[in-house]
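Fold and geometry: a report
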Amino acid sequence: MRRPALWMFALLLTQAAFTCDKENPEPTNCEDCTTLATVRDLKGLDGCGYVLELPDGKRLEPSGKLWQDLAKQDGAKVKVSYEPEPRASICMVGETVKVTCLRRLQSTGN
């Protein structure tokens, strides 16, 4: 009777070890974080704060726990994944999104 419980425990432990933790602001193995972005400080614009700017110039107005927990710095490079999150925006500089994966990239000192 105890063997099925042991197998179940081993299976759950293995799954936990190889699952991307979406609640961790800087996951180490999250394949979803594939979109390169730059953190931009737009506090000078009425109703704005920090946003994400994609390489093509498109801006995103992010939300979610991962975004809230990020220590934001203008010009910081990150990799993210996100999903559309239609909501009202005072800033109105880009698409409103919820960040689902976020990884800060190391600065190269350039």
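Given the structure is predicted, the values throughout are model-derived calculations rather than measurements.

This paragraph deals with unusual backbone geometry. Positive phi values are uncommon outside glycine, yet methionine 92 reaches one of about 55 degrees. The topology assignment puts methionine 92 in the loop between strand E4 (77-84) and strand E5 (95-104). By relative accessible area, methionine 92 is classed as exposed at 67%.

In the structure shown here, the tally under the stated rule is six salt bridges. Lysine 43 is the partner of aspartate 41 in a salt bridge, and the nearest nitrogen-oxygen pair spans 3.9 Å. When its relative accessible area of 31% is taken as the criterion, aspartate 41 is described as partly exposed. Notably, a salt bridge pairs glutamate 95 with lysine 58, separated by 3.1 Å at the nearest N-O pair. A residue pair is termed long-range when its members are at least 10 positions apart, and glutamate 95 in strand E5 and lysine 58 in the loop between strand E2 (50-53) and strand E3 (59-63) qualify at 37 residues. Assessed through its relative accessible area of 29%, glutamate 95 is described here as partly exposed. Taking the relative accessible area as the measure of exposure, lysine 58 reaches 35% and is therefore partly exposed. Connected through salt bridges with shared partners, the residues Arg40, Glu53 and Arg59 form a single ionic network.

Here we come to the pairing of E2. Where strand E1 (residues 35-41) meets E2, four bridges bridge the pair, whose relative direction is antiparallel. The residue of E2 that forms the bridge with threonine 38 is glutamate 53. Bridge analysis of E2 against E3 gives two bridges, and the strand direction is antiparallel. Along E3, the bridge assignment pairs leucine 52 with leucine 60.

On to the sheet that holds E4. Read around the closed barrel, the five strands follow the order E1-E2-E3-E5-E4; overall the barrel is mixed. Across this sheet, the average inter-strand angle for adjacent strands is 55 degrees, counted without regard to direction. As judged from the four bridges shared by E1 and E4, these two strands associate in the antiparallel manner. Of the residues in E4, the one forming a bridge with threonine 35 is valine 80.

This part is about the packing of aromatic side chains. In this structure the tally under the stated criterion is zero aromatic pairs. A cation sits over an aromatic face here: lysine 72 above tryptophan 67, 4.8 Å from the ring centre.

To continue, consider the confidence of the model for the protein chain. Looking at the protein chain, pLDDT values average 81 and 70% of them are 70 or higher. Averaged pLDDT values for the elements of the protein chain fall to 50 in helix H1 (residues 2-17) and rise to 98 in E2. Segment residues 11-19: pLDDT under 50, and zero contacts once partners within four positions in sequence are set aside and those in other chains are kept. Within the model, pLDDT remains below 50 along residues 21-29, and this stretch shows 21 contacts once partners closer than five positions in the same chain are excluded.

Thresholds applied
- Residues numbered from 1 in each chain as written.
- Predicted model: local features only at pLDDT ≥ 70, side-chain atom pairs only at ≥ 80, totals over all residues.
- Heavy atoms only, no water.
- Helix = DSSP H or I, 4+ residues; strand = E, 2+ residues; numbered from the N terminus.
- Buried < 20%, exposed > 50% of the residue type's maximum accessible area, 1.4 Å probe, protein only.
- Salt bridge = Lys/Arg side-chain N within 4 Å of Asp/Glu carboxyl O.
- Pairing = 2+ DSSP bridges.
- Axes fitted to C-alpha atoms, helices over the stretch in contact; angles between N-to-C directions.
- Phe/Tyr/Trp six-rings, centres within 6.5 Å; stacked < 30°, edge-to-face > 60°.
- Lys NZ or Arg CZ within 6 Å of the ring centre and 35° of its normal.
- pLDDT = per-residue confidence, 0-100.
- Contact = heavy atoms within 4.5 Å.

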